[in-house]
Amino acid sequence: MTRVSIVGASGYVGGELLRLLLWHPEVTVVQATSGRNAGRYLYQVHPNLRGRTSLQFVHPDKLEPCDLLFLALPHGEAARAMQRYTGLAERIIDCSADFRLSDPAAYKRWYGEDHPAPEWLGRFVYGLPEVSREALRGAKYASGVGCNATASNLALLPLVRAGLIDTSKPVLIEVKVGSSEGGASSTDSSHHPERAGAVRSFAPVGHRHTAEIEQVTGLSTPHLSITSVELVRGALATAHAFAVRPIADKDLWQAYRGFAKEQPFVRLVKERQGIYRYPEPKILAGSNFADLGFALDPESGRIVSICAIDNLMKGAAGSAVQCMNLMLGFEETLGLEFPGLHPV
Amino acid sequence: MIATCPECAAEISLPADTLESEIISCPECGAELEVISLTPPTLALAPEVEEDWGE
Ligand SMILES: NC(=O)c1ccc[n+]([C@@H]2O[C@H](COP(=O)([O-])OP(=O)(O)OC[C@H]3O[C@@H](n4cnc5c(N)ncnc54)[C@H](OP(=O)(O)O)[C@@H]3O)[C@@H](O)[C@H]2O)c1
Ligand SMILES: [Zn+2]
């Protein structure tokens, strides 16, 4: 059994990692840290884990060596303490944004400061198996992924790979997201009377995940806007791009099918009948699937590409466990087969 | 018998006992398809119920 520990285990991503790893057949969770909850049982913070484990949170200072460390910390904390973490484990998967961008200049541009540990940037593989599968096999260090970036990237990749986008025209992406993206700590604006029922434009321009979309798709200026909606889990990216040549639905089917057939967690959803004719994040809660759909306006050549994910799963912990499976040579889908709930 | 979906271009294998004017669903895109001929096997989109909400 591979011994894994989770730093930042009381947060939402940490909780989701625990849910996946406690049921994973090839690993044992040895430690789960929380400074504020040290000594409390895991279920006292994550009630869905009741009866499954008698583990208690330990203070991050009490972290012991293990085979693989998951880091699920606030922005910047992983990079600042990388020396310590790499001394404790041979392999690290960091769910934060600290090691996602390979270019330190892009980091400075989007995060407003010099990278605290630039020497580590090149050593992390970008943690989205759909783009870095081969590099992840056997890798020692993997980054996490941005949830909005992942929904956007998966929406755009089939079109990018098939060379169908007219890059002289703008590519726009609107992402609608649930409240768990903000993590487990609250703010005035997340207070229930303020948040409930709100459709809040919180990043019409300037969202940091734009950098990850540029890096993954190679598109020079994707235009990204984020709106938070009445969901706890879930992200839905709707990307608009223009076709580089006259195309038909069949060309898009071919492009999307070509992409999806290589990806165990990508499904195509474009139905002419039924309840959910396009990707719907609601029915993906708890699942690692990314559902992709598309529509074409033949008049204007506009392609609308749609991707739904659970931000805590494909957008964070699910992809991280998929990376672990690749890094350790397990079946890529191990422990991640849950298909989601319906109705929910 | 192999026929091509007129919607998504998937190759669909039809059972040997398929009849003309039978309605089948495309396994890839879910379109309802009518078998309009067996020689050669040919499919056409069947009329469907439109979704009317969200107007
Ligand atoms: N939420 C999402 O949908 C999502 C998606 C993709 C990626 N991510 C990324 O994943 C990371 C975690 O996000 P989250 O939503 O789970 O955040 P969160 O709910 O706020 O959890 C943060 C965790 O970090 C711990 N922590 C804080 N400061 C620490 C320090 N200096 N050393 C050790 N532990 C510390 C916290 O517990 P204690 O303070 O008790 O120690 C808590 O367990 C973030 O970097 C985020 O960008 C999140
Ligand atoms: Zn079809």
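Definitions and cut-offs
- Residues numbered from 1 in each chain as written.
- Chains lettered and ligands numbered in written order.
- Predicted model: local features only at pLDDT ≥ 70, side-chain atom pairs only at ≥ 80, totals over all residues.
- Heavy atoms only, no water.
- Domains from an automatic or database assignment.
- Buried area = accessible area lost by both parts, 1.4 Å probe.
- Salt bridge = Lys/Arg side-chain N within 4 Å of Asp/Glu carboxyl O.
- Polar contact = N/O pair within 3.5 Å; in protein donor to acceptor, adjacent residues only side chain to side chain.
- Helix = DSSP H or I, 4+ residues; strand = E, 2+ residues; numbered from the N terminus.
- Nonpolar A, V, L, I, M, F, W, Y, C, P; charged D, E, K, R; others polar.
- Pairing = 2+ DSSP bridges.
- Axes fitted to C-alpha atoms, helices over the stretch in contact; angles between N-to-C directions.
- Donors = N, O, S within 2.8 Å, 3.2 Å for Na, K, Ca; no water.
- Buried < 20%, exposed > 50% of the residue type's maximum accessible area, 1.4 Å probe, protein only.
- Near = heavy atom within 4 Å.
- Areas by Shrake-Rupley, 256 points an atom, 1.4 Å probe, with all protein chains shown as cover.
- Contact = heavy atoms within 4.5 Å.
- Phe/Tyr/Trp six-rings, centres within 6.5 Å; stacked < 30°, edge-to-face > 60°.
- Lys NZ or Arg CZ within 6 Å of the ring centre and 35° of its normal.

(A) Molecular detail of the domain arrangement of chain A. All names here are of chain A. When the domains of chain A are assigned, the result is domain 1 (2-124) and domain 2 (147-310). For domain 1 versus domain 2, the separation of C-alpha centres amounts to 27 Å. Between domain 1 and domain 2 the total buried area reaches about 1,100 Å² when both faces are included, carbon and sulfur atoms providing 51% of it. Of all residues in domain 1, the largest losses of buried area upon contact with domain 2 belong to Tyr12, Arg100 and Trp110, amounting jointly to 53% of the total for that side. Where domain 1 packs against domain 2, one counts two salt bridges. In this structure, Glu16 and Arg233 form a salt bridge, with 2.8 Å as the shortest nitrogen-oxygen distance. Between the two partners, domain 1 and domain 2, sit six residue pairs in polar contact (both at pLDDT 80 or more). Counting only elements with at least two residues in the side of domain 1 that touches domain 2, the list comes to helix H1 (12-21) and helix H5 (104-111). A class-by-class count of the residues in the side of domain 1 that touches domain 2 yields four nonpolar, four polar and four charged.

(B) Region of the structure containing the sheet that holds strand S4 (residues 32-38) of chain B. All names here are of chain B. With respect to topology, three strands assemble into an open sheet ordered S3-S4-S5, the strand pairing being antiparallel. Either end of the sheet is taken by a strand with one partner, and the two such strands are strand S3 (23-25) and strand S5 (41-45). Averaged over all pairs of adjacent strands, the angle between strand axes in this sheet comes to 45°, irrespective of strand direction. Pairing analysis gives three bridges linking S3 to S4, with the strands arranged antiparallel. By the bridge assignment, Ile24 is partnered in S4 with Leu33.

(C) Broad picture of the coordination of the zinc ion (ligand 2). Residue and element names in this part refer to chain B. For the zinc ion (ligand 2), the full set of protein donor atoms is Cys5 (SG), Cys8 (SG), Cys26 (SG) and Cys29 (SG), and the range of their distances to it is 2.3 to 2.4 Å. Site description for the zinc ion (ligand 2): donor spacing in sequence, C-x2-C-x17-C-x2-C. You'll find Cys26 and Cys29 in the same group, each marked buried.

(D) How the structure looks around the site of ligand 1. Residue and element names in this part refer to chain A. Around ligand 1, a shell composed of 27 residues is seen, among which Ser10, Ser34, Gly35, Leu73 and Ala184 lie nearest. Contact distances for ligand 1 include 2.6 Å between an oxygen atom and a side-chain N or O atom of Ser34. At 2.6 Å, a backbone N or O of Leu73 approaches an oxygen atom of ligand 1. Its free accessible area being 890 Å², ligand 1 has 82% of it covered by the protein chains. Elements supplying a minimum of two residues to the shell around ligand 1: H1 and helix H12 (313-327). For the shell around ligand 1, the residue count by class is 13 nonpolar, ten polar and four charged. Counting the residues that make up the shell around ligand 1, at least three belong to each of domain 1 (2-124) and domain 2 (147-310).

(E) The sheet that holds strand S11 (residues 290-297) of chain A, seen in detail. All names here are of chain A. Ordered by their spatial adjacency, seven strands build an open sheet running S7-S8-S6-S9-S12-S11-S10, and the pairing between neighbours is mixed. Edge positions in the sheet fall to strand S7 (200-203) and strand S10 (266-268), since each of these pairs with one other strand and no more. Going from strand to strand, the sheet's axes swing by 25° on average, the running direction of each strand aside. Pairing between strand S6 (residues 171-177) and strand S9 (residues 235-242): six bridges, direction antiparallel. Considered in S9, the bridge of Lys176 is made with Leu236. Those strands touched by helix H8 (residues 147-161) are S6, strand S8 (222-228), S9, S11 and strand S12 (302-309), and its axis lies near 135° from that of S12.

(F) Summary view of the side chain of Ser5 of chain A. Tracing the backbone through its elements, the reader meets Ser5 of chain A in strand S1 (residues 2-7). Dropping the residues within four chain positions of it, Ser5 of chain A is found in contact with Val30, Gln31, Leu63, Cys66, Leu68, Leu69 and Phe70 of chain A.

(G) View of the interface of chain B and chain A. Listed by partner, the interface residues are 16 residues for chain B and eleven residues for chain A. Taking both sides of the interface into account, the surface hidden between chain B and chain A amounts to around 1,200 Å²; carbon and sulfur atoms contribute 38%. Joining chain B to chain A, the criterion identifies two salt bridges. A salt bridge links Arg272 of chain A to Glu7 of chain B; the nearest nitrogen and oxygen atoms lie 2.8 Å apart. If you look at where chain B meets chain A, you find three residue pairs in polar contact (both at pLDDT 80 or more).

(H) Seen up close, the packing of aromatic side chains. All names here are of chain A. Applying the stated criterion across every chain yields a total of eight aromatic pairs over all chains. For the ring pair Tyr41 and Tyr43, a centre distance of 6.1 Å and an interplane angle of 15° mean the geometry is stacked. Tyr41 gets classed as partly exposed once you look at its relative accessible area, which sits at 35%. Classification of Tyr43 by relative accessible area gives partly exposed; the value is 27%. In this structure an aromatic cluster arises from ring pairing among Phe99, Trp120, Phe124 and Tyr141. Over the ring of Trp23 we find Arg52, and its NZ or CZ is 4.2 Å from the ring centre.

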